[in-house]
Each structure stands twice: as structure tokens, then as C-alpha cells.
Amino acid sequence: LGTHRVYRSDNRGTSWTQVGPDLTGGSGSLLALEINRVHNDVLYSGSESGRVWRSADAGLTWTDLSTGLPGRAVTDVGADPGDPGRALATVGGFNGPHLYEWRSGIGWTAIGTGLPNVPANTVILLTSQDVLVGTDVGVFRSADGGATFVPYMNGLPEGLVVTDLKYNATQSVVTAGTYGRGAWQVQVESFGPIVVFDSLELPYVEIDGDGD
């Protein structure tokens, strides 16, 4: 649970223990907490004050990753299930990048070609390459790790403000929370064609005899 700090419960919410320092830099509150669903000890927080912190030991110690971000509110952080040293962060505001990629040892890089010039509110990584971003005008999907996006509305009303996205990996279902239009769900399929290769052993047969 996040306020301006992170609190953890090991008994389903009966009692709570503070873990880590003030993760906001002294102003605002936390807008995002993310647990890597595969590498469960890896946690991220994002704050109104534009800061991202990371823990690699389930919240015992935290590292400030904020250098390189634009100083706008960090609305969400998505952890890469295939790489504990990679995450994506969405930021609010206009007239600038709306999605940033963090890699261990490299830092932050602005990505997200194709996202509209509106606040980005939420991001999830279905896989390392398959990424969904919810914005003030709907959902967008990337098949290349967040480098480029196309609209992914699939029956959602046009102009829908999407405030949160959650992924049920067991059922392959994404749930979108919205501003004023309720919750919506979609069964996500693989993005793009799936090519299956097979092989069959046959004897070689000479067809022209010219030595090629």
C-alpha cells in the first residue's frame, strides 16, 4: 500500500509495517506501486512529484531511479516479466514523451512512437514485447516492447479515459478501469501472426543434373 511511503502487510491487511523511505521527495503522494509478477522481489514506485524508486529485495532497500525523467507525474510503472532489470513508466501532461523505458546500467530512454499527445495513465507488459498503455483517449498496443504503438480499442467507446489496466495472465484477460464509463475486459490474443515451422525428412533427388 502506498501513501508517500510504502506499507506492507503479511497477514492480509490486519496489520501494516512501513518499508523504505519517503519515496516522493517530500511532496505529493505515490500514484503507482508495481510488483514484477515473475521476479517477485523486484518492486517499483511512481509519484506525483515525478520520481521512480526500485527495490530488488521485496522492499527492504530502495534505489532512486528518477534521474532522466522529465519531472512530470509518474502515473504508472510496468515491470518486465522477462527481465528484472527493465521497466516502463508512463507520465502525465502534454507536449513531450509519455512513455519511458528504464534498463539497468543504462537509465531512462523516451519511447512510444504512435502514442497521442495526451496524458498516459497506465502501462502493463503482457510480455517483454507486448505492451499496453492506457491514455486519456483510449488504449494503445505495442508489439515491439513499447517502441511503437497502434490503437487497441476492440469495442471500447471512442475518447475513453483509461485510468488503469490490470492483466490476469492465467486467463489472458485485461481489465480496463475508466473515468466515468465503468470497467471493461478483453481476452487478449497474441499480437500479430504466429508462424509455426515444421520439418520433414525426405531423400534428396537430382532434378537437373548440372551440378548446382
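Treat the numbers as computed from the prediction; the structure is a model and nothing was measured.

Cut-offs applied
- Note on numbering: residues in each chain are counted from 1, in written sequence order.
- Only residues with pLDDT of at least 70 are given local features in this predicted model, and only at 80 or more are side-chain atom pairs given and counted; all residues enter the totals for whole chains, interfaces and linings.
- Neither water nor hydrogens contribute to the side-chain values; these are computed over all heavy atoms in the structure.
- In this description a helix means any DSSP run of H or I spanning at least four residues, a strand means any run of E spanning at least two, and both kinds are numbered starting from the N terminus.
- Per-residue accessibility, obtained with a 1.4 Å probe over protein chains only, is compared with the maximum for each type, and a residue is labelled buried under 20%, exposed over 50%, and partly exposed between these values.
- Contacts are residue-level and defined by heavy atoms, with any inter-residue pair within 4.5 Å sufficient.
- Note on areas: Shrake-Rupley with a 1.4 Å probe; residue coverage comes only from the protein chains shown.
- In this analysis, strands are considered paired if DSSP registers two or more bridges between them.
- Here an angle of 0 to 180 degrees is reported between the N-to-C directions of two axes, which are lines fitted to C-alpha atoms, with helices fitted over the stretch in contact.
- The term polar contact refers here to a pair of N or O atoms within 3.5 Å; inside protein, the definition further demands a hydrogen-donor-capable atom paired with an acceptor-capable atom, and it admits residues adjacent in sequence only when both atoms are side-chain atoms.
- Nonpolar cores are built from buried Ala, Val, Leu, Ile, Met, Phe, Trp, Tyr and Cys residues. Side-chain atoms within 4.5 Å join them into one set.
- The term salt bridge refers to a side-chain nitrogen of Lys or Arg lying within 4 Å of a carboxyl oxygen of Asp or Glu.

**Comments concerning the overall build of the protein**
A count of helical and extended segments in the protein gives 0 helices and 17 strands. A total of 212 residues make up the protein; the buried ones form 40% of that total. Counting only contacts in the protein whose residues sit at least 6 apart along the sequence, the fraction spanning at least 24 positions is 39%. As displayed, the protein has an accessible area near 11600 Å², and 52% of this comes from carbon and sulfur atoms.

**Here's the deal with the sheet that holds strand β10 (residues 107–111)**
With respect to topology, 4 strands assemble into an open sheet ordered β7-β8-β9-β10, the strand pairing being antiparallel. At either margin of the open sheet sits one strand with a lone partner, and together these are β7 (74–79) and β10. Neighbour-to-neighbour, the strand axes of the sheet open up by a mean angle of 25°, direction not taken into account. Relative to β10, strand β9 (residues 99–103) runs antiparallel, the two sharing 5 bridges. Of the residues in β10, the one forming a bridge with Tyr100 is Ala110.

**Brief notes about unusual backbone geometry**
Unlike most non-glycine residues, Ala58 shows phi in positive territory, near 60°. Residue Ala58 is classed as buried on the basis of its relative accessible area, which comes to 19%. Despite not being glycine, Ser172 shows a phi value in the positive range, around 55°. By the element assignment, Ser172 lies in the loop between β15 (162–168) and β16 (173–178).

**Topic: the side chain of Ser142**
Structurally, Ser142 is set in strand β13 (residues 138–142). Of note is the side chain of Ser142, whose polar atom sits 2.8 Å from the backbone nitrogen of Gly146. For Ser142, the side chain forms a polar contact with the main-chain oxygen of Thr148, separated by 2.9 Å.

**A short note on the nonpolar core**
Residues Tyr44, Val52, Leu65, Leu69, Val74, Val77 and Trp108 are the most contacted members of the largest nonpolar core, which totals 14 residues. For this core, the secondary-structure elements that each account for two or more residues are β7, β8 (86–91) and β9. Counting residues in each nonpolar core, the second largest holds 12 residues, with Ile124, Val139, Leu160 and Val188 among its members.

**Digging into the pattern of salt bridges**
Evaluated as defined, the whole model comprises 8 salt bridges. The residue Glu101 makes a salt bridge to Arg86 at a minimum N-O spacing of 2.7 Å. Taken as a pair, Glu101 in strand β9 and Arg86 in strand β8 lie far apart in primary sequence, 15 residues in all. Each of the two residues, Glu101 as well as Arg86, counts as buried. For Glu101, the salt bridge identified is with Arg103, shortest N-O distance 3.4 Å. Judged by relative accessible area, Glu101 falls into the buried class, the value being 12%. Accessibility expressed as a relative area gives 33% for Arg103, which makes it partly exposed.

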